[in-house]
Amino acid sequence: MSFLKLINKMYPYTRYHGLSIFLHWAIALGLIFMVGSGVYMVNFEMPKADQFQLFQTHKAAGVIMLWAIVLRILTRWLSKQPPMPEAFTAKEKALAKAGHIALYTALIAMPLTGWLMVSASPFGLPTFVFTDAIKWPHIPFVERNKTIESIARNMHWVIASGLVLMIIGHIGAVVMHKKKQGISLIQRMWWSKSS
């Protein structure tokens, strides 16, 4: 038995760190808002003033999401993670790891492409984080660049669409492992140890 396995057996970590759990669910709720508001503000008719306000709220929430995602990744990196279930095959462990890497990559890329799109916009509108006192800077050297804005806009939507599919797969994997193997993965990402 390896030293790491021995330590895990002596001091089992069955759940993620409390901050990781909080950030996981906060980011999940944030994503629902971000995807919903993003689709709504560009596809549905509304007064221009309302559209502008929703766009500003979407941008501010995107900044908060970016910081929350960075903090989530740091917390995952710095805190001890629960081991994968012993019933998982090597292939399932590899798929779980690849899926998490893809999710984190998309979660970081989505707000970054949004930030790039806003920074390159011909309108040059500032981004305030829910108050005029906190102004989020634009990315330098891309101001009012329609080509960069167009590329960033397309990337933003492609990543958002891919992220939605990945989340469906993520939830599907949790349900599948519960139904087929009786493994309750939700316990690992919840405060209570009961399923």
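Residues numbered from 1 in each chain as written. Predicted model: local features only at pLDDT ≥ 70, side-chain atom pairs only at ≥ 80, totals over all residues. Heavy atoms only, no water.

**Side note on the packing of aromatic side chains**
Scanning the entire structure with this criterion turns up 5 aromatic pairs. Ring geometry for Trp25 and Trp190: centres 5.6 Å apart, planes at 80 degrees, overall edge-to-face. In this pair, Trp25 is assigned in helix H2 (residues 18-43) and Trp190 in the segment after helix H5 (146-181), connecting sequence segments 165 residues apart. When the centroid spacing of 5.2 Å and the interplanar angle of 55 degrees are considered together, the rings of Trp115 and Trp136 count as tilted. Here Trp115, found in helix H4 (residues 90-120), pairs with Trp136, found in strand S2 (residues 135-136); they are 21 residues apart in sequence, far enough to count as distant. According to the relative accessible area criterion, Trp115 is partly exposed, its value standing at 23%. Among the residues examined, Trp136 registers a relative accessible area of 16% and is labelled buried. Every member of this aromatic cluster is reached through a ring pair, and the members are Trp25, Trp190 and Trp191. (Phe/Tyr/Trp six-rings, centres within 6.5 Å; stacked < 30°, edge-to-face > 60°. Helix = DSSP H or I, 4+ residues; strand = E, 2+ residues; numbered from the N terminus. Buried < 20%, exposed > 50% of the residue type's maximum accessible area, 1.4 Å probe, protein only.)

**What about the packing of H2 against helix H3 (residues 48-78)?**
Interaxial distance between H2 and H3 falls to 9 Å at its minimum, and their mutual angle equals 155 degrees. The orientation of H2 relative to H3 falls into the category roughly antiparallel. Read as a crossing pair, H2 and H3 show a hand that is left-handed. Tallied by class, the residues present in the contact of H2 with H3 amount to 15 nonpolar, 10 polar and 2 charged. (Axes fitted to C-alpha atoms, helices over the stretch in contact; angles between N-to-C directions. Parallel < 35°, antiparallel > 145°, perpendicular 65-115°, else oblique. Left-handed = near helix turned anticlockwise from the far one by under 90°. Nonpolar A, V, L, I, M, F, W, Y, C, P; charged D, E, K, R; others polar.)

**What about unusual backbone geometry?**
For Phe130, which is not glycine, the phi torsion reads 60 degrees and is therefore positive. Along the chain, the position of Phe130 falls in the loop between strand S1 (127-128) and S2. Located in the positive-phi region is Phe141, a residue other than glycine, with phi close to 70 degrees. For Phe141, the location among the structural elements is in the loop between S2 and H5.

**Focus: the packing of H2 against H5**
As a packed pair, H2 and H5 sit with axes 12 Å apart at the nearest point and diverge in direction by 135 degrees. Judged on the interaxial angle alone, H5 and H2 are oblique. Between H2 and H5 the crossing geometry is left-handed. Judged by residue contacts, His24, Leu31, Val35, Gly38, Val39 and Val42 of H2 engage Trp157, Leu163, Val164, Ile167 and His170 from H5. (Contact = heavy atoms within 4.5 Å.)

**Structural notes on the pattern of salt bridges**
Using the criterion set out here, one finds 1 salt bridge in the structure. Arg153 is paired through a salt bridge with Glu149; the nearest N and O atoms lie 2.7 Å apart. With Arg153 and Glu149 both in helix H5 and 4 residues apart, this pair spans about one turn of that helix. Arg153 sits in the partly exposed class, given a relative accessible area of 36%. A residue is classified by how much of its surface remains accessible, and Glu149, at 11% relative accessible area, is buried. (Salt bridge = Lys/Arg side-chain N within 4 Å of Asp/Glu carboxyl O.)

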